[in-house]
Amino acid sequence: MNREEIDQLLAEINELKCKTQKEIEEARVRFLGKKGEVTRLFEEFRSVAPEMKKEFGKTLNELKQTVSNKIEEMKSSVGEEKSSAGSGQDLSMPGDPFELGSRHPVSIVRQEIVDIFRKFGYDVAEGPEIEDDYHVFEALNFPPNHPARDMQDTFFVSGGHLNPLLLRTHTSSVQVRAMEKMGLPIRVICPGRVFRNEAISARAHCIFHQIEGLYIDENVTFADLKQAILLFAREMFGPETQIRMRPSFFPFTEPSAEVDVSCNICHGQGCNVCKGTGWLEILGCGMVDPNVLEASGIDSKKYSGFAFGMGIERIAMLKWRVNDLRHYFENDMRFLKEFNTSTEV
Ligand code: DAH
């Protein structure tokens, strides 16, 4: 054994590059195995002259340590490469693109309507979809034999004749709940799902959405109603929009009216959307009938109010010129994507 031999082994070890665990094991055997180079040097060490033992002993121990460290280091780094390569994955590949979902057009319009009325100071109230006859009909002044109470028009959940449970046919039921719960004055809008026993067509569906509005205070007049609807219509359909009110009838309002907006497509000239009239119907409304106020314990001599109700799908159809209500329920991606404002990532 001599100094040069040891230095040469050290250089060899430092140069060592193994690509696989197998090669590392071979290197370990070559240097540290029973017949390995380092082991051989330790054997030769026995015959080294006593005065040289100290120096060679130290050098040999350092050599053995260097080899062991190098082998361990290679074992862990080659192991890492192996796990990513061995899994068959190329970690440098770009990820799979995925599309973000977007809000449904009905939700977009509902939010828009809610935001407009929030600006006017209205709170949002909600009520149950499964309701009792009292909140859907009786408290709203529907006579006992009104056709809306018929099985042909309403889905009944439990058939008990005295107080049946049913799927609410309009969100007007929430105005009754608001009158029962909230202190006066009341200024609320009530968005929600409603259900009617209707054959599905381009203009009707058995499930749709409404927004109900209610304002009760002292001295509320029909002029306040008209102003509220006009401001809403202009926010929703543009500042040039005109409204007109036609006399109508609802059991829970007196007087009652239906409201049309000037056609936002032909601007009143007449087109096929407004059927040549220049007007589009958007909602029903009126002054809350004193019977309705009294049924909920409100003094109709002191307080008055107005209410209105509109179909969200109807507003959405007018806004986006969609001519078939069924599009809103079929969830055809080609349709829904038209309203996708989010960006793909
Ligand atoms: N509830 C009515 C419907 O479903 C809509 C409605 C009309 C609501 C007039 C009202 C109103 O509050 O005053 O057709």
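Residues numbered from 1 in each chain as written. Predicted model: local features only at pLDDT ≥ 70, side-chain atom pairs only at ≥ 80, totals over all residues. Heavy atoms only, no water.

J.: Break down the nonpolar core for me, citing the residues and quoting the values.
T.: If you look at the biggest cluster of nonpolar residues, it comprises 47 residues, and the most contacted ones within it are I113, I282, F306, F308 and M310. For this core, the leading source of residues is helix α8 (residues 222–237), giving eight residues. Apart from the residues within four sequence positions on either side, F306 is in contact with Y122, G213, L214, Y215, V220, T221, D224, L225, A228, G286, M287 and V288. Counting residues in hydrophobic clusters, the runner-up holds 24 residues, among them F142, L166, M179 and C190. (Core = buried A, V, L, I, M, F, W, Y, C linked by side-chain atoms within 4.5 Å. Buried < 20%, exposed > 50% of the residue type's maximum accessible area, 1.4 Å probe, protein only. Helix = DSSP H or I, 4+ residues; strand = E, 2+ residues; numbered from the N terminus. Contact = heavy atoms within 4.5 Å.)

J.: I'd like a description of the domain arrangement of the chain, backed by residues and values.
T.: Partitioning the chain into structural domains gives domain 1 (3–83) and domain 2 (105–339). Between domain 1 and domain 2, the C-alpha centre-to-centre distance is 87 Å. (Domains from an automatic or database assignment.)

J.: Go over the side chain of Q175, please, and point to the residues and values.
T.: Counting through the fold element by element, Q175 comes out in helix α7 (residues 172–181). When neighbours within four sequence positions are excluded, Q175 is seen to be in contact with L140, C190, E212, L214, V292 and A307.

J.: Please provide a residue-by-residue account of unusual backbone geometry, values included.
T.: Following L184, the chain continues to P185 via a peptide bond in cis, the omega torsion being -5 degrees. By the element assignment, P185 lies in the loop between α7 and β5 (186–195). Omega for the bond connecting E254 with P255 falls within 30 degrees of zero, at -5 degrees, which places this linkage in the cis form. The backbone of N141 sits at a positive phi, close to 75 degrees, despite the residue not being glycine. Here N141 is to be found in the loop between α6 (133–136) and β3 (156–158). Unusually for a residue other than glycine, N219 sits at a positive phi of about 60 degrees. Relative to the helices and strands, N219 resides in the loop between β6 (207–217) and α8. On the accessibility criterion, N219 (66% relative accessible area) is exposed.

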